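Observations on chain architecture
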Amino acid sequence: MESDTTRPTIPPNLAETLRNARRVAVLTGAGISAESGLPTFREAQTGLWAQYRPEDLATPEAFRRDPRLVWEWYAWRRELVARAVPNVGHQALAALETRMPEMTLITQNVDGLHQQSGSRRVIELHGNLRRTKCFEENAVVESWLDTDDVPPCCPRCGGLLRPDVVWFGERLPEQPLVEALQAARECDLFLSIGTSGVVEPAASLPYLAADRGATVVFVNLEVPTGYAPPIYTINGSAGLILPALLQAAWPCGEPTG
Ligand code: BV8
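So, here's what we can say about the structure. (Residues numbered from 1 in each chain as written. Predicted model: local features only at pLDDT ≥ 70, side-chain atom pairs only at ≥ 80, totals over all residues. Heavy atoms only, no water.)

For the peptide bond that leads from E200 to P201, omega is 0°, which places it in the cis range. Relative to the helices and strands, P201 resides in the loop between β7 (189-193) and α9 (205-211). The omega angle of the peptide bond from P229 to P230 is 15°, so this bond is cis rather than trans. One non-glycine residue, N138, lies in the positive phi region at around 65°. Position of N138 among the secondary structure elements: in the loop between β4 (127-134) and β5 (140-141). On the basis of relative accessibility, which here comes to 51%, the residue N138 falls in the exposed class. (Helix = DSSP H or I, 4+ residues; strand = E, 2+ residues; numbered from the N terminus. Buried < 20%, exposed > 50% of the residue type's maximum accessible area, 1.4 Å probe, protein only.)

Turning to the packing of helix α6 (residues 88-99) against helix α10 (residues 238-249), a few remarks are in order. Their axes nearest at 7 Å, the elements α6 and α10 cross at an angle of 25°. As summarised for this structure, α6 and α10 are arranged roughly parallel, according to the angle between their axes. Between α6 and α10 the crossing geometry is left-handed. Residue-level contacts link V88, G89, A92, L93, A95 and L96 of α6 to A238, G239, L242, P243 and L246 of α10. For the contact of α6 with α10, the residue count by class is nine nonpolar, two polar and no charged. (Axes fitted to C-alpha atoms, helices over the stretch in contact; angles between N-to-C directions. Parallel < 35°, antiparallel > 145°, perpendicular 65-115°, else oblique. Left-handed = near helix turned anticlockwise from the far one by under 90°. Contact = heavy atoms within 4.5 Å. Nonpolar A, V, L, I, M, F, W, Y, C, P; charged D, E, K, R; others polar.)

For the structure shown, the criterion picks out eight salt bridges. Between K133 and D164 there is a salt bridge, with its nearest N and O atoms 3.7 Å apart. Here K133, found in strand β4, pairs with D164, found in strand β6 (residues 161-165); they are 31 residues apart in sequence, far enough to count as distant. Between E170 and R162 there is a salt bridge, with the nearest N and O atoms lying 2.8 Å from each other. (Salt bridge = Lys/Arg side-chain N within 4 Å of Asp/Glu carboxyl O.)

Among the five residues in β7, five count as buried, and that is most of the element. Across the two faces of β7 the burial is the same, with L189, L191 and I193 and F190 and S192 all buried. Bridge count between β7 and strand β8 (residues 215-220): five bridges; the pairing is parallel. From the neighbouring strand, F190 faces β8, where its bridge partner is V216. Following the chain from β7 across α9 to the adjacent parallel β8, one finds a crossover that is right-handed. (Pairing = 2+ DSSP bridges. Right-handed = clockwise from strand over helix to strand, strands pointing away.)

Before going further, it helps to examine the side chain of H114. With respect to the element layout, H114 can be found in helix α7 (residues 113-116). The class of H114 is buried, set by a relative accessible area of 1%. Side chain to side chain, H114 and T28 meet in a polar contact 2.8 Å long. The residues touching H114, leaving out its near neighbours within four places in the chain, are T28, I32, H90, L93, L105, T107, S119 and V122. (Polar contact = N/O pair within 3.5 Å; in protein donor to acceptor, adjacent residues only side chain to side chain.)

Once that is clear, we can look at the sheet that holds strand β1 (residues 24-28). Where strands meet in a sheet, backbone hydrogen bonds hold them as pairs that are either parallel or antiparallel. Read from one edge of the open sheet, six strands run β3-β2-β1-β7-β8-β9, paired in parallel fashion. Of all the strands in the sheet, the pair left with one neighbour each is β3 (122-124) and β9 (231-235). Neighbour-to-neighbour, the strand axes of the sheet open up by a mean angle of 15°, direction not taken into account. As judged from the four bridges shared by β1 and strand β2 (residues 104-107), these two strands associate in the parallel manner. Looking at β2, one finds that A25 is bridged to T104.

Moving on to the nonpolar core. Counting 29 residues, the largest nonpolar core has V24, L96 and L191 as the members making the most contacts within it. Among the secondary structure elements, those contributing two or more residues to this core are α1 (12-20), β1, α6, β7, β8, β9 and α10. Here this core takes seven residues from α10, the largest share from any one element. If we ignore the near neighbours within four places in the chain, the residues touching V24 are L96, M100, E102, M103, T104, C187, D188, L189 and L191. (Core = buried A, V, L, I, M, F, W, Y, C linked by side-chain atoms within 4.5 Å.)

Next up on the list: the site of the ligand. Near the ligand lie 36 residues; those nearest to it are Y74, R77, V166, G169 and S196. Note that an oxygen atom of the ligand is positioned 3.3 Å from one of the backbone N or O atoms of G194. At 2.8 Å, a side-chain N or O of N220 approaches an oxygen atom of the ligand. If the ligand stood free it would expose 1500 Å²; the protein chains cover 76% of that surface. Elements with a contribution of two residues or more to the shell around the ligand: α2 (31-34) and α5 (67-83). When grouped by side-chain class, the residues that make up the shell around the ligand number 16 nonpolar, 12 polar and eight charged. (Near = heavy atom within 4 Å. Areas by Shrake-Rupley, 256 points an atom, 1.4 Å probe, with all protein chains shown as cover.)

Following this line, the structure appears as structure tokens:
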């Protein structure tokens, strides 16, 4: 499907599928936060960080090797997140949730913007960089001594503090992963929004849904090709496509329920 920068064309049967869906699962990636001004994961290597690959910064080995560098990378990203606000793509998913009591929003993002936009049932597969935890105890730390230490130290055990995100080579949190797999298996409609679909095991979720007979929709600036219904690919920005999808499904903005 060609991307339309003005008014995207939503396949009519897809609008009807969304309107009649009973269980919707949504997977989001960095692309949905791009219109909030946050660099996508592949882009988060701009300027100062250009010389690093994400896989070289977002790993426990990188942290052990150079804790200051990794802490400062996340401090830079936390600053960007603190200044970001949810965009119309986030808001469309929050609005969809009000119409779909059994909707599950699974995000790979660590920016917390879905919760900020009003989404209530959010599964954070890769954690949240607004939270900090002890590298030794693996427990979240709410506050610590305001010293010049970079990274700061755990007030309980003195270990180094780190962002509460899942690094490459680390297990995903068990319960969120169990819930995400269940949502993918049981949904009748799976929306994959703004993700390059590279990182596992999140990348497998849409295909798990497709294997169970769900309709799957990829919305991205670069979409996989060669698919046919019930797998759809819509080339366009989340901020353009998601509101258009809801508008096509509920043209009169019918009441929820
Ligand atoms: C694990 C938190 C096992 C940190 C992240 C097979 C099975 C299991 C594991 C593996 C496997 N194969 C390989 C692995 C290992 C690895 C992996 O997947 N590696 C990749 C590089 C191949 N996986 C892991 O290590 C995972 N752990 O499996 O553990 C285990 C078992 C036992 C014991 C120990 C371990 C952990 C992975 C989690 C890593 N952490 N994030 C942080 O953020 O700093 S991943 C990080 O990268 C993000 O969270 C996200 O998941 C990923 C980036 O992906 P995207 O979100 O898609 O972003 P990207 O920039 O790539 O793409 C953005 C897209 O948006 C683009 O396509 C663009 O076109 C589009 N776009 C841009 N603007 C818009 C838009 N679209 C729409 N609208 C727009 N406006």
